[in-house]
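In case you want the letters, here they are:
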Amino acid sequence: MPLALIISSHVAASRVGGEAQALALAPFKVDAMVVPTVLYGRHPGWGPPGGAAVPVEAIDGVLDGIAANGLFAQTDLVITGYFAGAPQVRAAARAIDAVRAAPRDMSARKPFVMVDPTMGDAGKGLYVPPDVAEALIADLVPRADLVACNAWELERLTGAETRTPAQALNAARLLGKPCLVSSVQRETEIGVVYADRREAWLAAHQRVENAPKGTGDLLTALYGAAVLDGLSPSYALARAVGGVAETIAAANMWKAAELPLVAMAQRLKATSPHVRMERLA
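This section reports on the structure supplied with the text. Keep in mind the model is a prediction, meaning the values are calculated, not measured.

### Overview of the layout of surface pockets
The computed volume of the second largest pocket comes to approximately 210 Å³. If you trace the second largest pocket, you find 14 residues lining it, with Phe 112, Pro 178, Tyr 194, Asp 196 and Pro 233 closest to the centre. Here the lining of the second largest pocket is built from residues that sort into eight nonpolar, two polar and four charged.

Structure, rendered in structure tokens:
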């Protein structure tokens, strides 16, 4: 069974962050170890979330316990997400280095590291402390095998505009790493751009107003599951964006305030007829 290490938020009543990603990975038979950076009652978008940030000493202790059981050597996927303080980011960077350095069988796959530099969004701007954003850029983005960000975050990382798929592609190439860029707009569509040095794709669907929070977290987890399944970037993108699109559609149909991840578990595995794939130049 593939094993994932997720270092991100725990939000009890909202389907966002690390716990939501663990739920999304479960239908793909990926076991998840979630190391929480905050313990919140609800997403801050609903109002005061309750709870608090997890002290970095506790995060280090949790990671030490995982390492003591030899599980870094068995970790196939690392996902990082929301951080409340720069010391937490540096703890995650140390964990990534330890996972990569852990001895493993010659036949074992190398761990795949996905960094979601969670720091802000269009219309909101930066919503983490500036030192957290700086630490993400300095300590985590360079360690990523793939950077999974929204268009606003990519613009902050590169200084290049990301308003269109072509601009998002250009900015992703400037980053110099494989990149998954969400919230890319074109007319009535919203899409995700995948780009590396050799190829680039857009997966788009009709934009839905008032989608529940957590779609970026879901996208990252689903793309990670596709990587573990050995899918090519285009197929991985189609399946991941399809799972997100179908879950958003179900949430709207059911008038669900949160992403219905458990109810949609089987649907997360399939592509969606509502997603349009386009190869970018």
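### Thoughts on the pairing of strand E9 (residues 179–186)
As defined by bridge partners, strand E8 (residues 146–150) adjoins E9 across four bridges and the pair is classed as parallel. What sits directly across from Asn 150, in E9, is Ser 182. Judged from the six bridges that link them, E9 and strand E10 (residues 189–195) form a sheet pairing that is antiparallel. Each bridged residue has a counterpart across the sheet, and for Cys 179 the counterpart in E10 is Ala 195. Where E9 folds back on E10, the antiparallel hairpin that results is connected by two residues, among which Glu 187 adopts a positive phi of roughly 50°.

### What to know about unusual backbone geometry
The general pattern is negative phi for most residues beyond glycine and trans for most peptide bonds. Of note in the backbone geometry, Glu 187 takes a positive phi value of approximately 50° without being a glycine. With respect to the secondary-structure elements, Glu 187 resides in the loop between E9 and E10. The exposure class of Glu 187 is exposed, given its relative accessible area of 73%. The phi dihedral of Asn 210 falls on the positive side, at around 60°, and the residue is not glycine. For Asn 210, the position within the fold is in the loop between strand E11 (200–206) and helix H7 (215–228).

### Thoughts on the side chain of Glu 153
Within the secondary structure, Glu 153 sits in helix H5 (residues 151–158). Among buried charged residues, Glu 153 stands out as having no salt bridge; its nearest opposite-charge side chain is Arg 156, 9.1 Å away. Of the polar contacts made by the side chain of Glu 153, one reaches the backbone nitrogen of Gly 120; its length is 3.4 Å. Setting aside chain neighbours within four positions, we find Glu 153 in contact with Asp 116, Pro 117, Thr 118, Met 119, Gly 120 and Tyr 127.

### Section: H5
Along H5, the positions that sit buried rather than exposed are Ala 151, Glu 153, Leu 154 and Leu 157. Seen along its axis, H5 keeps its buried residues to an arc of 160°; they face one direction. Residue Asn 150 occupies the N-cap position of H5, its side-chain oxygen lying 3.1 Å from the main-chain nitrogen of Trp 152. A positive backbone phi angle near 80° is found at Gly 159, which sits one or two residues after H5.

### Some remarks on the packing of helix H2 (residues 56–68) against helix H3 (residues 86–101)
Axis separation between H2 and H3 bottoms out at 9 Å; the angle between their running directions is 15°. Here H2 lies roughly parallel to H3, going by the angle between them. Crossing angle aside, the handedness with which H2 passes H3 is right-handed. Note on element contacts: H3 touches H2 through Pro 87, Gln 88, Ala 91, Arg 94 and Ala 95, opposite Val 56, Ile 59, Asp 60 and Leu 63. Looking at the contact of H2 with H3, its residues break down into six nonpolar, one polar and two charged.

Procedures and definitions
Residues numbered from 1 in each chain as written. Predicted model: local features only at pLDDT ≥ 70, side-chain atom pairs only at ≥ 80, totals over all residues. Heavy atoms only, no water. 1 Å grid on protein atoms, 1.4 Å probe; cavity = no way out; pocket = protein on both sides within 12 Å on 5 of 7 lines; lining within 4 Å. Points joined across faces, edges and corners; volume = space filled by probe spheres on them. Nonpolar A, V, L, I, M, F, W, Y, C, P; charged D, E, K, R; others polar. Pairing = 2+ DSSP bridges. Helix = DSSP H or I, 4+ residues; strand = E, 2+ residues; numbered from the N terminus. Buried < 20%, exposed > 50% of the residue type's maximum accessible area, 1.4 Å probe, protein only. Lys, Arg positive; Asp, Glu negative; His and termini not counted. Salt bridge = Lys/Arg side-chain N within 4 Å of Asp/Glu carboxyl O. Polar contact = N/O pair within 3.5 Å; in protein donor to acceptor, adjacent residues only side chain to side chain. Contact = heavy atoms within 4.5 Å. Arc of directions from axis to C-beta. Axes fitted to C-alpha atoms, helices over the stretch in contact; angles between N-to-C directions. Parallel < 35°, antiparallel > 145°, perpendicular 65-115°, else oblique. Left-handed = near helix turned anticlockwise from the far one by under 90°.

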